[in-house]
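Here are the chains, one letter per residue:
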Amino acid sequence: MFKGKNNLDNFVLIMYIAIIAFFIYRIYKSFKNKKLLAGEINKFDRPSTTFEWVLLAFLLATGVFNLIAGIKQNNQNAIYMSVVMVVLAIVFLVAQQNKLYVAENGILINSTFYTYKELKKWGFDKEKNDFVMAVKKDRQDTSEATKVKSEDIKPLNDLIRKYKLGK
């Protein structure tokens, strides 16, 4: 499959495939963890950042460029690379559409489910529209953050206060 003189090309190709596997795992984990949500479930869209759109455009442009160059030069590695980059762009697009879920029994953020018992603190950076949580899961303190729409900050905070604090 990997013909050519340059082992660096093969290494890069394998790295891209590993990144695709990572994003597919995150998508799978999100679908799996959605089943843990119980009671009333509220879904919030996560707006994509400019950086994510630029990265997506870069992946697609590079994939198309590699395809054209591979066909012109009859270079199988460039053609494989282009296919992998386009697949990576598609998987990345699906992964960036991940939603934030707030349910009666916990929160699903960045493909990970946290109960309210594990949630220690939460807050919002209103300038950047970031939602940030400090959690303790499996005896480890970690933090999670995601973008939210500015109009979702108050309803999101109200739901967490309702389910976490009973207010």
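Residues numbered from 1 in each chain as written. Predicted model: local features only at pLDDT ≥ 70, side-chain atom pairs only at ≥ 80, totals over all residues. Heavy atoms only, no water.

Draft legend 1. Region of the structure containing the overall build of the protein chain. Looking only at helices and strands, the protein chain features 4 helices and 7 strands. Going from N to C terminus, the protein chain has its helices and strands arranged as α-β-α-α-β-β-β-β-β-β-α. The C-alpha atoms of the protein chain give 20 Å as radius of gyration, which overshoots the globular expectation for 167 residues (15 Å, by more than 25%). Long-range contacts, defined as pairs at least 24 residues apart, comprise 62% of the intrachain contacts of the protein chain with a sequence gap of at least 6. As displayed, the protein chain has an accessible area near 10400 Å², and 60% of this comes from carbon and sulfur atoms. (Helix = DSSP H or I, 4+ residues; strand = E, 2+ residues; numbered from the N terminus. Rg over C-alpha atoms; globule rule 2.2 N^0.38 Å. Contact = heavy atoms within 4.5 Å. Areas by Shrake-Rupley, 256 points an atom, 1.4 Å probe, with all protein chains shown as cover.)

Draft legend 2. Structural view of the sheet that holds strand E3 (residues 106-109). Taken in spatial order, the 4 strands make up an open sheet running E1-E2-E3-E4, and their pairing is antiparallel. Sheet topology places strand E1 (41-44) and strand E4 (112-115) at the edges, where each strand pairs with a single neighbour. Here the average twist between neighbouring strands, direction ignored, is 15 degrees. Looking at chain direction, strand E2 (residues 100-103) and E3 are connected through 3 bridges and run antiparallel. Bridging across to E3, Ala-103 finds its partner in Gly-106. (Pairing = 2+ DSSP bridges. Axes fitted to C-alpha atoms, helices over the stretch in contact; angles between N-to-C directions.)

Draft legend 3. Spotlight on the environment of Asp-138. Locating Asp-138 in the fold gives a position in the loop between strand E6 (130-137) and strand E7 (140-147). The exposure class assigned to Asp-138 is exposed, which follows from its relative accessible area of 69%. Once the C-alpha coordinates of Asp-138 and Asn-110 are considered, the two residues, 28 residues apart in sequence, prove to be 17 Å apart. (Buried < 20%, exposed > 50% of the residue type's maximum accessible area, 1.4 Å probe, protein only.)

Draft legend 4. Inspection of the side chain of Asn-110 at higher detail. In this structure, Asn-110 sits in the loop between E3 and E4. A residue is classified by how much of its surface remains accessible, and Asn-110, at 19% relative accessible area, is buried. Only 2.9 Å separates the side chain of Asn-110 from the side chain of Glu-144, close enough to count as a polar contact. Sequence-distant contacts of Asn-110, defined by excluding residues within four places in its chain, comprise Arg-26, Asn-98, Glu-144, Ala-145 and Thr-146. (Polar contact = N/O pair within 3.5 Å; in protein donor to acceptor, adjacent residues only side chain to side chain.)

Draft legend 5. Structural detail: the pairing of E2. The alternating pattern of E2 places Leu-100 and Val-102 on one face and Tyr-101 and Ala-103 on the opposite face, and all of these are buried. Sheet topology places E1 next to E2; 4 bridges connect them, and they run antiparallel. Along E2, the bridge assignment pairs Asn-42 with Val-102. Hairpin connection of E2 to E3: 2 residues between the antiparallel strands.

Draft legend 6. Examining the sheet that holds strand E5 (residues 119-125) more closely. Pairing in this open sheet of 3 strands is antiparallel, and the strands run E5-E6-E7 from one edge to the other. The sheet is open, and its two borders are formed by E5 and E7, each paired with just one other strand. The mean angle between the axes of side-by-side strands here comes to 15 degrees, regardless of whether they run parallel or antiparallel. Here E5 runs beside E6; their pairing, made up of 6 bridges, is antiparallel.

Draft legend 7. View of the nonpolar core. Residues Leu-100, Val-102, Ile-107, Phe-131, Met-133, Leu-156 and Ile-160 are the most contacted members of the largest nonpolar core, which totals 17 residues. Elements with a contribution of two residues or more to this core: E2, E3, E6 and helix H4 (153-165). At 5 residues, H4 tops the list of elements feeding residues into this core. Residues within four places of Met-133 in sequence aside, it is in contact with Ile-107, Ile-109, Tyr-114, Leu-119, Lys-121, Trp-122, Thr-142, Ser-143 and Glu-144. Among the nonpolar cores identified, the runner-up in size contains 14 residues, and Phe-23, Leu-56, Leu-88 and Ala-95 belong to it. (Core = buried A, V, L, I, M, F, W, Y, C linked by side-chain atoms within 4.5 Å.)

Draft legend 8. Seen up close, the pattern of salt bridges. Within the structure shown, the criterion is met by 5 salt bridges. In this structure, Asp-45 and Lys-99 form a salt bridge, with 3.1 Å as the shortest nitrogen-oxygen distance. Taken together, the residues Asp-45 in the loop between E1 and helix H2 (50-73) and Lys-99 in the loop between helix H3 (76-96) and E2 connect sequence positions 54 residues apart. Accessibility expressed as a relative area gives 34% for Asp-45, which makes it partly exposed. Asp-158 is paired through a salt bridge with Lys-154; the nearest N and O atoms lie 2.8 Å apart. Note that Asp-158 and Lys-154 are positioned in helix H4 at a spacing of 4 residues, about one turn of the helix. When its relative accessible area of 35% is taken as the criterion, Asp-158 is described as partly exposed. It is possible to trace a salt-bridge network through shared partners that takes in Asp-45, Lys-99 and Lys-149. (Salt bridge = Lys/Arg side-chain N within 4 Å of Asp/Glu carboxyl O.)

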